Amino acid sequence: MKPPMDLDQLLTQAPAKNNAALERVLAAARGELALRRPVRRWRTQAVWLMAASAGLGLLAAGVMLAVGAVAGPLLLARAPLLAMLVGTSAVCAWGALSPKDRWMRRLGVGLAVVSAAALVLARGTPHSPPSLPGWVCTVSHLAIGVVPLVVALFALRGTFFQPLRAVVAGLSVGSTGALLGELACEQDGRHVLSHHLLAWVVITVVLVLISKSLKPRSYAP
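Predicted model only: the values in this text are computed from it and were never measured.

## A short note on the packing of helix 8 (residues 146–156) against helix 9 (residues 163–184)
At a minimum axis distance of 9 Å, the contact between helix 8 and helix 9 shows a crossing angle of 160°. Between helix 8 and helix 9, the crossing angle belongs to the class labelled roughly antiparallel. By crossing handedness, the relation of helix 8 to helix 9 is classed as right-handed. Contacts from Pro148, Leu149, Ala152 and Leu156 in helix 8 reach Arg165, Ala166, Ala169, Val173 and Thr176 in helix 9. Its residues assigned to classes, the contact of helix 8 with helix 9 shows seven nonpolar, one polar and one charged.

## Quick notes on the packing of helix 7 (residues 135–144) against helix 8
Axis separation between helix 7 and helix 8 bottoms out at 4 Å; the angle between their running directions is 40°. By the criterion of interaxial angle, the relationship of helix 7 to helix 8 is oblique. Counting all contacts with helix 7, which are made through Leu142, Ala143 and Ile144, the residues of helix 8 involved are Val146, Val147 and Pro148. Of the residues contributing to the contact of helix 7 with helix 8, the split by class is six nonpolar, no polar and no charged.

## Focus on the pattern of salt bridges
Across all of its chains, the model carries one salt bridge by this definition. One salt bridge connects arginine 123 with glutamate 182, and the closest N-O pair in it is separated by 3.0 Å. Of this pair, arginine 123 sits in the loop between helix 6 (102–121) and helix 7 while glutamate 182 sits in helix 9; the two residues are 59 residues apart in sequence, bridging distant segments of the chain.

What counts and how
- Residues numbered from 1 in each chain as written.
- Predicted model: local features only at pLDDT ≥ 70, side-chain atom pairs only at ≥ 80, totals over all residues.
- Heavy atoms only, no water.
- Axes fitted to C-alpha atoms, helices over the stretch in contact; angles between N-to-C directions.
- Helix = DSSP H or I, 4+ residues; strand = E, 2+ residues; numbered from the N terminus.
- Parallel < 35°, antiparallel > 145°, perpendicular 65-115°, else oblique.
- Left-handed = near helix turned anticlockwise from the far one by under 90°.
- Contact = heavy atoms within 4.5 Å.
- Nonpolar A, V, L, I, M, F, W, Y, C, P; charged D, E, K, R; others polar.
- Salt bridge = Lys/Arg side-chain N within 4 Å of Asp/Glu carboxyl O.

So yeah, pure geometry; function would need other evidence.
Shown next, in the form of structure tokens:
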């Protein structure tokens, strides 16, 4: 006797041509409904992603300011860039999880490009040579992005896979490391381009690849 197929397999097979196949589909659907899994609103998950990405970056800023790792004048000088990164993260998080706002996803990509360019162009000549190798920035940016990455993957499983949706979610996650870079690093634009933005791209690509490989909990748009 063949083991029963789950609902995903039944929905992806050819349309039913007999009553027996139709009954199997209905039975699988009833079984899924009987589980009574909690419905997670996309707005709530978008807020969680914002908190995990931009919120984590702002928390890091507060801690660094409190312990004296970053000076107040530097924080004020880079406040416009930090605000731009927070806004980019929020727009990307909302667009990634919104069912219909494709225009917001495009806006999120555009903001990420503008923010990345601003991060590079705003850097001048460093006042002192670097005390650490450049790859330390890349690794630290990837490390701080782990938590928002997990939150984003969990949220994206509630929808069917869309490349643009995953890219925008990755850009939201990657903004966390970019925020950290504006606080903890004073190197020039070339360093930002080759190490900070590299981490942003890497974490976006990783999220897209993992999201594509995960089995969705729902096929909602």
